[in-house]
Amino acid sequence: MSFIAELLIAISLVVSGIFGFVGSYGLVKLTDSLQRLHAPTKATTLGVGGVLIASMIFFYAETGYLSIHELLISVFLLLTAPITANFIAKTYIARNLKKTDLPDSQSTCGWSIYDDPPESRPGN
Amino acid sequence: MLTRLIPHPLLSLTLVFVWLGLVNTFTLGNLLLGGFLAIVIPMLTAPYWPNRPKIGKPLKGLEYVLIVLWDIVVANVQVAAIILFKRQKNIRSQWVVMPLELHSAEAITVLAGTITMTPGTVSATLAADGGSILVHCLHTDDTDAVRDEIKTRYERRLKEIFE
């Protein structure tokens, strides 16, 4: 393996390590559940992304073929991370906040956690 | 007939590519098996996804993906900076309410995902009629600026792509 490949792999691994650490540190430092949600959804994306880039470079340098698995892993991560975050946020709101804690929805209905959608109400 | 056989052509195409990516080698057998999955899975899931999303401008979609990928990198650095260098009592988290101009469920889903992945914001919930979205902002002094940036940067582009 050439020196440049090794250098690139090392850089991506270090970058991913730093971001993974910052994401975990954020979980400890921030106090509010909703604030804590920000740390893993973002800081960790680049952390995992760095490892995947390092893995792609490694296998390209070793075998000469581009590996698609890493691309798929990042696509799946990007698709699933927001959904998990959304579920956690919704659960937190439903358990800990009252309707009056949230700002007005500025729409014809209230927030979906407290209000039913218009088509499911009787009379429609 | 064709719409019953292939209710979501784009989903079928994606499934073929995902299958080929998962096995990581391109052979005729894998392509045929991928094609089989690409027909069977959309047929089985069609009842849960009755409408076909219209994608007006696929090239704009590519531009959108690149912009979001870049923003994710920026978001990581910004959030890392807030976590490392801001004192806990100086972090001002706020709710941002954003009225939506998008109507298609797919477009709103993409927007909500984008908001979560990009600088300091997490989408929390929708209004019951889908008319506005509630966004939690990790640190901001100006909620209107955050709302306007999401509107011009992401929602306008999604409106062009999906409508």
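About the criteria used
Residues numbered from 1 in each chain as written. Chains lettered and ligands numbered in written order. Predicted model: local features only at pLDDT ≥ 70, side-chain atom pairs only at ≥ 80, totals over all residues. Helix = DSSP H or I, 4+ residues; strand = E, 2+ residues; numbered from the N terminus. Rg over C-alpha atoms; globule rule 2.2 N^0.38 Å. Buried ≥ 20, exposed ≤ 12 C-beta atoms within 10 Å, placed from the backbone. Contact = placed C-beta atoms within 7 Å. Core = buried A, V, L, I, M, F, W, Y, C linked by C-beta atoms within 7 Å. Domains from an automatic or database assignment. Expected span 1.5 Å × (residues − 1). Axes fitted to C-alpha atoms, helices over the stretch in contact; angles between N-to-C directions. Parallel < 35°, antiparallel > 145°, perpendicular 65-115°, else oblique. Left-handed = near helix turned anticlockwise from the far one by under 90°. Nonpolar A, V, L, I, M, F, W, Y, C, P; charged D, E, K, R; others polar.

On to the overall build of chain B, then. When its secondary structure is counted, chain B shows six helices and three strands. From first element to last, N terminus to C terminus, chain B shows the α and β order α-α-α-α-β-α-β-β-α. For chain B, whose C-alpha radius of gyration is 19 Å, the value lies well above the compact-globule estimate of 15 Å for 163 residues. By its C-alpha atoms, chain B is 60 × 35 × 25 Å across when sized along the principal axes. Split into buried and exposed, the 163 residues of chain B put 30% on the buried side. Put simply, of all contacts in chain B between residues at least 6 apart along the chain, 69% involve residues at least 24 apart.

Attention now moves to the nonpolar core. Within the largest apolar cluster, 42 residues are counted, with the highest numbers of intra-cluster contacts made by A:Ala89, B:Val79, B:Leu111, B:Ile133, B:Val135 and B:Leu158. When neighbours within four sequence positions are excluded, B:Leu111 is seen to be in contact with B:Leu102, B:Tyr154, B:Glu155 and B:Leu158.

What follows is about the domain arrangement of chain B. Many descriptions give the size of an interface as the accessible area lost when the pieces come together. Domain boundaries assigned for chain B yield domain 1 (2–48) and domain 2 (58–162). Here domain 1 of chain B and domain 2 of chain B have C-alpha centroids that lie 32 Å from each other.

Residues and elements named next belong to chain A. Mapped onto the elements of the fold, leucine 66 is located in the loop between helix H2 (33–63) and helix H3 (69–96). C-beta crowding within 10 Å serves as the criterion here: with 11 such atoms nearby, leucine 66 is assigned to the exposed category. C-alpha separation for the pair leucine 66 and tyrosine 92, spaced 26 residues apart in sequence, amounts to 42 Å.

Here helix H6 (residues 143–162) of chain B spans 27 Å end to end across 20 residues, near enough to the 28 Å set by a 1.5 Å rise per residue. Close packing links the buried residues of H6(B) with helix H4 (58–85), strand S1 (94–99), helix H5 (105–117), strand S2 (121–126) and strand S3 (132–137) of chain B.

Glancing now at the packing of helix H1 (residues 3–29) of chain A against H4(B). H4(B) packs onto H1(A) with a crossing angle of 45 degrees between their chain directions and a minimal axis gap of 10 Å. Compared by their axis directions, H1(A) and H4(B) come out oblique. Of the two possible hands of crossing, H1(A) and H4(B) adopt the one that is left-handed. Within the contact between the two elements, H1(A) uses A:Phe19, A:Val22, A:Tyr25, A:Gly26 and A:Lys29 and H4(B) uses B:Asn76, B:Ala80, B:Ile83 and B:Leu84. Split into classes, the residues belonging to the contact of H1(A) with H4(B) amount to six nonpolar, two polar and one charged.

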